[in-house]
Amino acid sequence: MRLLILEDDQALGPALAAGLRQHGHVVDWFDQGAKAHSALMGTDYDAIVLDLGLPGDDGVVWLRRWRREGKQTPVLVLTARDGLNERIEGLDSGADDYLIKPIAMDELAARLRAMLRRATGQTQSVWTHAALQHDPSTRITRWRDQVVELTRREMSLLETLLMHPTKVWSKAQLQSKLYDWGDSEPESNALEVHIHHLRKKIHPNIVRNIRGVGYVLGSESLLS
Ligand code: CA
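Definitions and limits used
Residues numbered from 1 in each chain as written. Predicted model: local features only at pLDDT ≥ 70, side-chain atom pairs only at ≥ 80, totals over all residues. Heavy atoms only, no water. Donors = N, O, S within 2.8 Å, 3.2 Å for Na, K, Ca; no water. Helix = DSSP H or I, 4+ residues; strand = E, 2+ residues; numbered from the N terminus. Buried < 20%, exposed > 50% of the residue type's maximum accessible area, 1.4 Å probe, protein only. Contact = heavy atoms within 4.5 Å. Salt bridge = Lys/Arg side-chain N within 4 Å of Asp/Glu carboxyl O. Pairing = 2+ DSSP bridges. Right-handed = clockwise from strand over helix to strand, strands pointing away. Core = buried A, V, L, I, M, F, W, Y, C linked by side-chain atoms within 4.5 Å. Axes fitted to C-alpha atoms, helices over the stretch in contact; angles between N-to-C directions.

Looking now at the coordination of the calcium ion. The coordination sphere of the calcium ion contains the protein donors D8 (OD), D51 (OD) and G53 (O), at a distance range of 2.2 to 2.3 Å. Here the donor residues of the calcium ion share one chain and are spaced in sequence as D-x42-D-x1-G. Note that D8 is positioned in the loop between strand 1 (2-6) and helix 1 (12-22) and G53 in the loop between strand 3 (47-51) and helix 3 (59-68), a separation of 45 residues in sequence. Classification of G53 by relative accessible area gives partly exposed; the value is 41%.

Structure, rendered in structure tokens:
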């Protein structure tokens, strides 16, 4: 999942980013609302982690602005222990969930997974597609009951496709789910290489090319 973190605390921000990367996510951390705002306008994030206490415009102001401008990206707000009013205001302004500081990384990761399940209409914690099973909490993938060893990028790619099983993606859209702003520019054929590996490790039809348009998860009928 590609995540945006807006947190001005110079220790907590990078710690959250590092922790969520360890959980397999692609993460951009911003310490200023205006920078996060411009990133959000140009990038398709799956979820936002938003600190409410920010210098200048606080988190609620940014959240209201995003919702007003039609951004539906799920938002989890971070609040102080004594911030009951702040939490209520955050939820009323369009937040989907909240966590009270100090943050337990495993809980943050679990709440983000739950938020994403709701956003994509999934009811099961283990995603299945034909003979493929993927558990986003343990990050174990099985094909026909055999564990498939995937690299971090291959797994991000597979999760992105599984999350939206009928969506046709352009190359640029898929790449934006695999690389954050701090990553060096990937090789021009990097995406094709990851797709090639998924096909070899899982099934030749796990990813389909739609000529001139992009890529889509292979339908279950193609995966027998
Ligand atoms: Ca803060």
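Moving on, we come to unusual backbone geometry. Omega for the bond connecting K101 with P102 falls within 30 degrees of zero, at 0 degrees, which places this linkage in the cis form. One can find P102 in the loop between strand 5 (97-100) and helix 5 (105-120). In this structure, R144 is a non-glycine residue whose phi angle is positive, near 50 degrees. The partly exposed category is assigned to R144, whose relative accessible area is 45%.

To continue, consider the environment of A95. Along the polypeptide, A95 turns up in the loop between helix 4 (84-92) and strand 5. Here A95 falls in the buried class, since its relative accessible area comes to 11%. Here the alpha-carbon distance between A95 and L63, two residues 32 residues apart in the chain, equals 7.5 Å. Those residues in contact with A95, other than ones at most four positions away along the chain, are L63, V75, V77 and G90.

Time to look at the pattern of salt bridges. For side chains of opposite charge, pairing can occur when their charged atoms come near one another. Counting across every chain of the model gives 15 salt bridges. Its salt-bridge partner being R111, residue E107 comes within 3.1 Å of it at the nearest N-O pair. Taken together, the residues E107 and R111, both in helix 5 and four residues apart, mark about one turn of the helix. The salt bridge partner of E154 is K201, with a shortest N-O separation of 2.7 Å. Taken as a pair, E154 in helix 6 (residues 152-163) and K201 in helix 8 (residues 190-201) lie far apart in primary sequence, 47 residues in all. In this structure E154 comes out as buried when scored by relative accessible area, which is 2%. Residues joined by salt bridges that share partners form a network here, namely E7, D51 and K101.

Here we come to the pairing of strand 3. With five of five residues buried, strand 3 lies mostly within the body of the structure. Side chains of strand 3 alternate between two faces, with A47, V49 and D51 and I48 and L50 buried alike. Bridging between strand 1 and strand 3 involves four bridges; their strand directions are parallel. Bridging across to strand 3, L6 finds its partner in L50. Alignment of strand 3 against strand 4 (residues 75-79), held across four bridges, turns out to be parallel. Along strand 4, the bridge assignment pairs L50 with V77. Each parallel crossover has a hand, and the one from strand 3 via helix 3 to strand 4 is right-handed.

This paragraph deals with the nonpolar core. Judged by nonpolar contacts, the single largest core of 42 residues is most densely connected at L112 and I206. Sort the elements by how many residues they give to this core and helix 6 lands first, with six residues. For L112, the contacting residues outside a window of four places in its chain are M1, L3, L20, A47, V49 and L76. Core analysis: the next-biggest nonpolar cluster, separate from the first, contains 18 residues, L6, A36, Y45 and L54 among them.

Pairing within the open sheet is antiparallel, and its four strands lie in the order 6-7-8-9. Of all strands in the sheet, those bounded by a partner on one side alone are strand 6 (127-129) and strand 9 (146-148). Each adjacent strand pair in this sheet contributes to an overall mean axis angle of 25 degrees, direction not counted. One ladder, built from three bridges, connects strand 6 with strand 7 (residues 132-135); its direction is antiparallel. When the bridges of strand 7 are listed, H129 appears paired with L132. Contacts between helix 6 and the sheet are confined to strand 6, strand 7 and strand 8 (140-143), with strand 7 contributing the most and set at about 105 degrees to the helix.

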